[in-house]
Amino acid sequence: MKIAIAGIATECCTFSPWTNKYEDFRIVIGDDADFFEMYPYMSKYEGIEWTATLVARATPGGPVDPEAYDSLKADMLERLKAGGPYDGVYLDMHGAMNVLGRDDAEGDWYTAVREVVGEDCLLSASYDLHGNVSERIMQTLDIITGYRTAPHIDYMETRERACDLLIRCLNEGIRPQKAFIKIPVGLPGERTSTEWFPGDEIYAQIPGLIDGEKVMDVTMQVGYIWADEPRMTACAIALGQDEAAIQAAAETLALSYWDHRADFQFGVPAMPIADCIEAAMQDDVQPVFISDSGDNPTAGGVGDVPVFLAEALRIQPPDLIYASIPDAAAVAKCVEAGIGGTVTVEVGGKMDPWHGQPVELTGTVTKILEEPGNTQVVVTSGGVQAILTEKRTPFRDHHFYALGIDPEEHKIVVVKIGYLVPELKRLANKAYLALSPGAVNQDIVNLTYKRINRPCYPLDPDMSWSPSVQMF
Ligand SMILES: [Zn+2]
């Protein structure tokens, strides 16, 4: 049995001025020795000849530069053509890519793969639950399965499930039927986490809806709301060998999501920036984490909007760590000044001038971490320690430790993120979500949508809806 692996995974905010370029992708190709380290579970399969083509991933950001996309696609297709024919293709995806000026990027990727491998080959894709699924995608793929957790602790299980389903279908000669229900609800990930109600209850239904035969798999997609594309939608998907059973499973999930549409809330208190800082200063525990959510680079924000930093410098809490602003010019100036040097730098607001202008930061350079391609510095200004990086850097615990900062020793730690990922949540004794400006700000109803399908909750709060199943 011969199976090819191909994929492209990123999440693209169409409200962002930042474009993801070719060099923003980490590209792994078939010749790379570490290709299969991405899929440790593959060693369990026997009798399969895997053909690694190309898997590209980029930190979420703005739309992908069309030339970069075309080049990656051409590279993948060339490798795919060189190795065929195949019984199946595993597609390692995210599902919320946007190529500047084009729609349904993943649909285009699958269509191109299908043209090479032919109609008999089975295509199986793994998805982030924040992917937007189109009819073309449902038509072109044979199998699609998405994460069941947000934060996404089941990313590897999901890849494995996509491969398990593919191999089982090939072994047993099954081409699953697919039920697809679009749910006209657009909600941010910060409200729809699976760690609290109602996301936890909705996703907890999934295993019970799968019997392995009639219903082989079920996926609930929250979708990605910061993409002003016609395909933007939540959806329920069921795959299997019994049309009525998969329709019923998809309907159960879709109705449960719809019925709870008004119940989705932030997991922590969500307030304007200054209110979060004031509240954290009053808390008698530490560290208190604050998410600078509007500019969260892991959701597609650019990451250099300095509005929160400006507020922190104005309020001057006694002990606040700010992570982080990418600004290569400011970092270079700080390195030149050296440890102990005094600097005045204009930081941020350069990559994303739409959501905040540069801020003047005067302080002492207190840390320098020379890292190839991504040197990082800390500028201390009163009680505020601002971390500046050369490149966009979504901060995790290890980034703090590398800089010699132990978050647990500080009162307030600000990170450009939405809900806290497990490694940061573990450190936080309390958390707030700042409703800050940026390309992925939480004020969904005031985003200037032009192209998504309406009506859509919560933009059209009084709309009515009943599920309609599309079969593929
Ligand atoms: Zn996601």
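Residues numbered from 1 in each chain as written. Predicted model: local features only at pLDDT ≥ 70, side-chain atom pairs only at ≥ 80, totals over all residues.

### Looking at the overall build of the protein chain
In terms of regular secondary structure, the protein chain is built from twelve helices and 19 strands. Over its C-alpha trace the protein chain gives a radius of gyration of 23 Å, about what one expects of a compact globule, namely 23 Å for 472 residues. Principal-axis analysis of the C-alpha atoms gives the protein chain an extent of 70 × 50 × 40 Å. Residue burial in the protein chain is summarised as follows: out of 472 residues, 52% are buried. Partitioning the contacts of the protein chain with sequence separation of at least 6, the portion at a separation of at least 24 is 76%. (Helix = DSSP H or I, 4+ residues; strand = E, 2+ residues; numbered from the N terminus. Rg over C-alpha atoms; globule rule 2.2 N^0.38 Å. Buried ≥ 20, exposed ≤ 12 C-beta atoms within 10 Å, placed from the backbone. Contact = placed C-beta atoms within 7 Å.)

### What about the sheet that holds strand β3 (residues 49-58)?
Taking strand neighbours across the sheet as the criterion, the six strands line up as β2-β3-β1-β4-β5-β6 in an open arrangement whose pairing is mixed. If you trace the sheet from one side to the other, it starts and ends with β2 (25-29) and β6 (143-146), each paired once. With direction set aside, neighbouring strand axes in the sheet form an average angle of 10°. Pairing of β2 with β3, which is carried by five bridges, proceeds in the antiparallel orientation. Bridge pairing in β3 places Val28 opposite Val55. Packed on one face of the sheet, helix α4 (residues 155-172) meets β1 (2-9), β4 (88-92), β5 (122-127) and β6 and runs near 165° to β5. (Pairing = 2+ DSSP bridges. Axes fitted to C-alpha atoms, helices over the stretch in contact; angles between N-to-C directions.)

### A look at the packing of helix α1 (residues 66-83) against helix α2 (residues 105-117)
In the contact formed by α1 and α2, the axes pass within 10 Å of each other and the chain directions differ by 25°. Comparing their axes, α2 and α1 come out roughly parallel. Between α1 and α2 the crossing geometry is right-handed. When α1 is examined against α2, the residues Tyr69, Lys73, Leu77, Leu80 and Lys81 are found in contact with a partner set consisting of Ala105, Trp109, Ala112, Val113 and Val116. (Parallel < 35°, antiparallel > 145°, perpendicular 65-115°, else oblique. Left-handed = near helix turned anticlockwise from the far one by under 90°.)

### Points about the pairing of strand β11 (residues 288-292)
β11 sits mainly inside the fold: five of its five residues count as buried. Here β11 shows two buried faces, one formed by Val288, Ile290 and Asp292 and the other by Phe289 and Ser291. Where β11 and strand β17 (residues 412-415) come together, four bridges link them in parallel fashion. Within the sheet, the bridge partner assigned to Ser291 lies in β17 and is Val415.

### Regarding the domain arrangement of the protein chain
If you check the domain split of the protein chain, you get domain 1 (2-259) and domain 2 (270-441). The straight-line distance from the C-alpha centre of domain 1 to that of domain 2 is 33 Å. Across the side of domain 1 that touches domain 2, the residue classes break down as nine nonpolar, six polar and two charged. (Domains from an automatic or database assignment. Nonpolar A, V, L, I, M, F, W, Y, C, P; charged D, E, K, R; others polar.)

### Side note on the nonpolar core
Residues Val89, Leu166 and Val414 are the most contacted members of the largest nonpolar core, which totals 147 residues. Per-element tally for this core: the top contributor is α4, with seven residues. Viewed by domain, this core spans two of them, domain 1 (2-259) and domain 2 (270-441), each represented by three or more residues. Beyond its immediate sequence surroundings of up to four residues, Val414 is in contact with Ile290, Asp292, Phe308, Ala312, Leu320, Ile321, Tyr322 and Ala323. (Core = buried A, V, L, I, M, F, W, Y, C linked by C-beta atoms within 7 Å.)

### Brief notes about the pairing of strand β12 (residues 320-326)
Across the seven residues that make up β12, a large majority, seven, are buried. The pairing of β12 with strand β16 (residues 384-389) spans six bridges and is classified as parallel. Residue Ile321 lies in a different strand from β16, and its bridge partner there is Gln385. Pairing between β12 and β17: four bridges, direction parallel. From the neighbouring strand, Leu320 faces β17, where its bridge partner is Ile412.

### Overview of unusual backbone geometry
Along the chain, Gln286 connects to Pro287 via a cis peptide bond; the corresponding omega equals -5°. Mapping Pro287 onto the fold places it in the loop between α8 (273-282) and β11. With an omega of 5°, the peptide bond running from Tyr457 to Pro458 counts as cis. Within the secondary structure, Pro458 sits in the loop between β18 (430-434) and β19 (470-471). Backbone geometry at Asp104 places phi at a positive 50°, although glycine is not the residue there.

### Quick word on the packing of α8 against helix α9 (residues 307-315)
One can describe the packing of α8 onto α9 by two numbers: an axis separation of 10 Å at closest approach and a directional angle of 50°. Taken together, the axes of α8 and α9 lie oblique to each other. At the point where α8 passes α9, the crossing takes the right-handed sense. Here α8 contributes Ile273, Ala274 and Ile277 to the contact with α9, which in turn contributes Phe308, Glu311, Ala312 and Ile315. Along the lines of polarity and charge, the residues of the contact of α8 with α9 split into six nonpolar, no polar and one charged.

### A look at the environment of Leu123
Looking at the secondary structure, you find Leu123 in strand β5. Sequence separation of Leu123 and Leu141 is 18 residues, and the distance between their C-alpha atoms is 5.2 Å. What Leu123 contacts, discounting residues up to four positions off in sequence, is Val89, Leu91, Tyr110, Val113, Arg114, Thr140, Leu141 and Asp142.

### Here's the deal with the environment of Val133
Here Val133 shows up in the loop between β5 and α3 (135-140). The buried category is assigned to Val133, around which 27 C-beta atoms lie within 10 Å. As a C-alpha pair, Val133 and Val28 span 105 residues in sequence and 25 Å in three-dimensional space. When sequence neighbours within four positions are dropped, the list of residues in contact with Val133 reads Gly95, Met138, Gln221 and Cys235.

### What about the sheet that holds β19?
Adjacent strands of a sheet form backbone hydrogen bonds with each other and so pair up, either parallel or antiparallel. As summarised here, the arrangement of the four strands in space is β8-β9-β7-β19, forming an open sheet in which the pairing is antiparallel. Both outer strands of the open sheet, β8 (215-221) and β19, are each paired with one neighbouring strand and no more. Sheet topology places strand β7 (residues 177-183) next to β19; two bridges connect them, and they run antiparallel. Following the sheet pairing, Phe180 is matched in β19 by Gln470. Docked against the sheet, helix α7 (residues 243-259) engages β7, β8, β9 (234-240) and β19, running at close to 160° with respect to β9.

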